[in-house]
Protein chains: 2
Amino acid sequence: MGRVKLEIKRIENNTNRQVTFSKRRNGLIKKAYELSVLCDIDIALIMFSPSGRLSHFSGKKRIEDVLARFANLPDQERELAIVFPEQGQHQRFSYRSDIQNTEQLRNESDIALQLSKPTAITSEDEELHHEIARLLQQLDLAEEQIRIYEPDPIKFTSMGELEIM
Amino acid sequence: MGRVKLEIKRIENNTNRQVTFSKRRNGLIKKAYELSVLCDIDIALIMFSPSGRLSHFSGKKRIEDVLARFANLPDQERELAIVFPEQGQHQRFSYRSDIQNTEQLRNESDIALQLSKPTAITSEDEELHHEIARLLQQLDLAEEQIRIYEPDPIKFTSMGELEIM
DNA sequence: CGCCCTATATATAAGTA
DNA sequence: TTACTTATATATAGGGC
């Protein structure tokens, strides 16, 4: 999007890297803002500049509330999340099969999420999350079963509606 | 960026809103990815689609690590952060004159991260109920769809038998 | 939902101040 | 770091499959 096509790899020149960061950060924030308004969604964007300074954005809700919504998601729901890893080298933070006990999860990142976890959550909340997780799982099972019959969902209008979820 | 200039306000048509979300979400993720690589920075992006499903992205670090870095920031640093409120107006919160002491800020921030604010729980609670209602409706749609194919709920013992069908 | 296509709207790389 | 300019590279609205 400039005079020259820019290869997507680390900009080695410090000044250029910082300048590019400032410009693109603004563009990214603008896009995030537009998306949040157009689609009326919760969104949280956190960035640390090359020099380590924090920049962040969230739509109508406070960023802490969005992060809280993320942190309090039921396990299953997070598992089903659409994730965009950089190069497929990502790991899901918990529920990894290679982790045998929760002790191993007690690193910095997990502590962070713990900050917004349970403490003050009512049991009713937990139940609701559980219920949602259960429903999501059922939906996935149902979807899978439907796909067995009809590999091409587009043919059926009701399927189209189902896919929307 | 399309055939027509789109006004930045909530898209009322449900289908269009969802389609626009999907398209722009991909664009936003791409931008976030490019920024993270070009400038070699930590970034975390969390979005909840119009239907409530989670999408998220982070660069080479796990999103939890980035959130941890955010959560563990000293209050002062977070205060100095470049924040982009809803309207995309680039405001600097540094040295706000309307803040007399950092004490109240620290409390507010902590409460937010701990998700223990009563009001937040209430609204969150409503959202959960809405989500459950939504999932139940979609599950009904799915089950109805399945019934079309399978009037009698037969249990298959293996995928092999299913494929034969 | 995801992919394709095309006409337009936007973002932005470089350079300059 | 921010502002402005301009030539180009990209993103995307709308419509179809």
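Computed from a predicted model, the values in this text were never measured in an experiment. (Residues numbered from 1 in each chain as written. Chains lettered and ligands numbered in written order. Predicted model: local features only at pLDDT ≥ 70, side-chain atom pairs only at ≥ 80, totals over all residues. Heavy atoms only, no water.)

Student: Is there a simple way to explain the packing of aromatic side chains in this structure?
Tutor: Centre-to-centre distance and the angle between the planes together describe a pair of aromatic rings. The tally for this structure, following the rule as stated, stands at zero aromatic pairs over all chains. One Lys or Arg, Arg69 of chain B, reaches over the ring of Phe48 of chain A and ends 3.8 Å from the middle of that ring. (Phe/Tyr/Trp six-rings, centres within 6.5 Å; stacked < 30°, edge-to-face > 60°. Lys NZ or Arg CZ within 6 Å of the ring centre and 35° of its normal.)

Student: Any chance you could explain the protein's contact with DNA strand D here in plain terms?
Tutor: Around DNA strand D there are 19 residues in total, and Arg3 and Gln18 of chain A together with Met1, Lys23 and Arg24 of chain B lie nearest to it. Within the side chain of Lys5 of chain A, an N or O atom sits 2.9 Å from a phosphate oxygen of DNA strand D. Arg3 of chain B places a main-chain nitrogen or oxygen 3.4 Å from a base nitrogen of DNA strand D. Of all the secondary structure elements, the ones that give two or more residues to the surface near DNA strand D are α1 (14-38) of chain A together with α1 (14-38) of chain B. With six residues, the top contributor of residues to the surface near DNA strand D is α1 of chain B. Tallied by class, the residues present in the surface near DNA strand D amount to four nonpolar, six polar and nine charged. (Near = heavy atom within 4 Å. Polar contact = N/O pair within 3.5 Å; in protein donor to acceptor, adjacent residues only side chain to side chain. Helix = DSSP H or I, 4+ residues; strand = E, 2+ residues; numbered from the N terminus. Nonpolar A, V, L, I, M, F, W, Y, C, P; charged D, E, K, R; others polar.)

Student: What am I meant to see in the pairing of strand β1 (residues 42-48) of chain A here?
Tutor: The side chains of a regular strand alternate between both faces of the sheet. The element β1 of chain A is extensively covered by neighbouring structure, given that seven of its seven residues are classed as buried. Judged by which residues are buried, β1 of chain A turns out to be covered on both faces: Asp42, Ala44, Ile46 and Phe48 of chain A on one side and Ile43, Leu45 and Met47 of chain A on the other are all buried. As paired strands, β1 of chain A and strand β1 (residues 42-48) of chain B are joined by seven bridges and run antiparallel to one another. When the sheet's bridge partners are listed, Met47 of chain A is paired in β1 of chain B with Ile43 of chain B. Of the pairings in the sheet, the one linking β1 of chain A to strand β2 (residues 54-58) of chain A comprises five bridges and is antiparallel in character. (Buried < 20%, exposed > 50% of the residue type's maximum accessible area, 1.4 Å probe, protein only. Pairing = 2+ DSSP bridges.)

Student: Explanation requested: the protein's contact with DNA strand C in the structure shown.
Tutor: Surrounding DNA strand C, one finds 22 residues, the nearest of these being Met1 and Arg24 of chain A together with Arg3, Gln18 and Ser22 of chain B. The contact atoms of DNA strand C, taken as those within 4 Å of the protein, divide so that sugar and phosphate hold 67%. Interatomic distance of 2.4 Å between a side-chain N/O atom of Arg3 of chain B and a base oxygen of DNA strand C. In this structure, Lys5 of chain B approaches DNA strand C through a side-chain N or O atom, which is 2.9 Å from a phosphate oxygen.

Student: What's the story with unusual backbone geometry in this structure? I'm lost.
Tutor: Trans peptide bonds make up most of the peptide bonds, and negative phi angles are found at most residues other than glycine. Of note, the phi angle at Asp40 of chain A is positive, near 55 degrees, even though the residue is not glycine. Turning to its location among the elements, Asp40 of chain A is positioned in the loop between α1 and β1.

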